[in-house]
2 protein chains.
Amino acid sequence: MDKEKIERYRKLGLKMTPQRLAILEYLEGNTSHPSAEDIFRHVEEKFPSMSFATVYNTLEALKEKGLIIELNIEPGKKRFDPNIEPHHHMICEKCHRIFDVFEDFSVDLPPKYAQKFKVKRSQVVFYGLCSRCAEESK
Amino acid sequence: MDKEKIERYRKLGLKMTPQRLAILEYLEGNTSHPSAEDIFRHVEEKFPSMSFATVYNTLEALKEKGLIIELNIEPGKKRFDPNIEPHHHMICEKCHRIFDVFEDFSVDLPPKYAQKFKVKRSQVVFYGLCSRCAEESK
DNA sequence: GTGTTTGCAAAGAATTTGCAACGAA
DNA sequence: TTCGTTGCAAATTCTTTGCAAACAC
């Protein structure tokens, strides 16, 4: 990661330890929506002494700074998305992979509901079969 | 619960134990999207010897029969929705309550995505503030 | 009577916490 | 030097499992 980018993180109040750098590098551009364990398994290779606590600590810090989004999509575990642009997801009910959808659907609550709830953002989740799984089940 | 309804559950292959009845009665028409613990706490009053295992076992059975839907909305815990009609949710980011939205938004994937993913159903989640919390933070 | 369900306790998975040692700034 | 971060281990929270006794049908 280049110095400029590191400096930007630092300015946000994040101490840039080597472990954090490795986590950030793993997340950068990652579209696999990894779990804490996925991240740990990967960064562990570079830092065998890594602790799960460090992974969670870093993810929490990144979440607070608004640099990643926590996804509650899979029962029992969190997943993390480094893409903070508003976007939607397609979830394959067979392989459980999550795919991004960059499209503006402009879903608006009808007045009946909007009066009682102030919407900040909305998210559409599509459930179904990815092409790979659809192919396999033919 | 009336005999007719009980008979309907029985026909689905569910043995209707008193515990299951109590859980079903608690869920019927319940719009609070309760967690396993919420359900346990309530049914426990009637059956002090109740076990968490029974709650989970019943919820799993109901889910398999398509009588309830499991919601993965809150990190670390499942919530259950006895309303199986397609509907959407508004989630208050302050009090974490979940509200139902019965409205057809007809969100469709553009061809670019639809070619690679076969959508079975979609769900919209609105994040924001409920009126009670919006009022309080004024 | 048969086979499922219950209750209990123990195991398991994911996450959080306390704290001394460490290290980025 | 200072204060936040790391690593470790223990604790917590939520869920699942194994098994004998109980019970629905």
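This is a predicted model, so every value here is computed, not measured.

S.K.: For this particular structure, what's the right way to read the packing of helix α2 (residues 18–27) of chain B against helix α4 (residues 52–64) of chain B?
M.R.: Helix packing geometry: the angle between the two helix axes and the distance between the axes. Residues and elements named next belong to chain B. Contact geometry for α2 and α4: axes closest at 10 Å, N-to-C directions at 65°. When the axis of α2 is compared with that of α4, the two are roughly perpendicular. Of the two elements, α2 crosses α4, and the hand of that crossing is right-handed. Between α2 and α4, the contacting residues are Gln19, Arg20, Ile23, Leu24 and Leu27 on the first element and Thr54, Val55, Asn57, Thr58, Leu59, Ala61 and Leu62 on the second. Each residue belonging to the contact of α2 with α4 can be placed in one class, and the counts come to 7 nonpolar, 4 polar and 1 charged.

S.K.: Is there a simple way to think about the protein's contact with DNA strand C in this case?
M.R.: Every one of the 21 residues lining DNA strand C counts as a neighbour, but Arg10(A), Tyr56(A), Gly76(A), Lys78(A) and Asn57(B) are closest to it. The contact atoms of DNA strand C, taken as those within 4 Å of the protein, divide so that sugar and phosphate hold 79%. Within the backbone of Gly76(A), an N or O atom sits 3.2 Å from a sugar or linking oxygen of DNA strand C. Contact distances for DNA strand C include 3.5 Å between a phosphate oxygen and a backbone N or O atom of Ser51(B).

S.K.: Quick question: what am I supposed to make of the side chain of Thr58(A) here?
M.R.: All names here are of chain A. Mapped onto the elements, Thr58 comes out in helix α4 (residues 52–64). What makes Thr58 buried here is its relative accessible area of 3%. Discounting residues that sit within four places of it in the chain, Thr58 has contacts with Arg20 and Ile23.

S.K.: What should I look at first to understand the pattern of salt bridges in this one?
M.R.: Note that side chains of opposite charge can pair when their charged atoms are close. All names here are of chain B. With the rule as written, the count across this model stands at 22 salt bridges over all chains. One salt bridge connects Glu37 with Arg41, and the closest N-O pair in it is separated by 2.9 Å. Taken together, the positions of Glu37 and Arg41, both in helix α3 (residues 36–46) and 4 residues apart, correspond to about one turn of that helix. Using a relative accessible area of 40% as the deciding quantity, one classes Arg41 as partly exposed.

S.K.: Whenever I open this one, the environment of Arg132(B) confuses me. Can you help?
M.R.: All names here are of chain B. Here Arg132 lies in helix α6 (residues 131–136). You can call Arg132 partly exposed: its relative accessible area is 49%. Here the alpha-carbon distance between Arg132 and Tyr9, two residues 123 residues apart in the chain, equals 38 Å.

S.K.: Looking at this structure, I do not really get the environment of Ala61(B). What am I missing?
M.R.: Residue and element names in this part refer to chain B. Structurally, the position occupied by Ala61 is in helix α4. What makes Ala61 buried here is its relative accessible area of 16%. Expressed as a C-alpha distance, the spacing of Ala61 and Pro111, which sit 50 residues apart in the sequence, is 37 Å. Ala61 has contacts with Leu14 and Arg20, leaving out every residue within four places of it along the chain.

Basis of the calculations
Residues numbered from 1 in each chain as written. Chains lettered and ligands numbered in written order. Predicted model: local features only at pLDDT ≥ 70, side-chain atom pairs only at ≥ 80, totals over all residues. Heavy atoms only, no water. Axes fitted to C-alpha atoms, helices over the stretch in contact; angles between N-to-C directions. Helix = DSSP H or I, 4+ residues; strand = E, 2+ residues; numbered from the N terminus. Parallel < 35°, antiparallel > 145°, perpendicular 65-115°, else oblique. Left-handed = near helix turned anticlockwise from the far one by under 90°. Contact = heavy atoms within 4.5 Å. Nonpolar A, V, L, I, M, F, W, Y, C, P; charged D, E, K, R; others polar. Near = heavy atom within 4 Å. Polar contact = N/O pair within 3.5 Å; in protein donor to acceptor, adjacent residues only side chain to side chain. Buried < 20%, exposed > 50% of the residue type's maximum accessible area, 1.4 Å probe, protein only. Salt bridge = Lys/Arg side-chain N within 4 Å of Asp/Glu carboxyl O.

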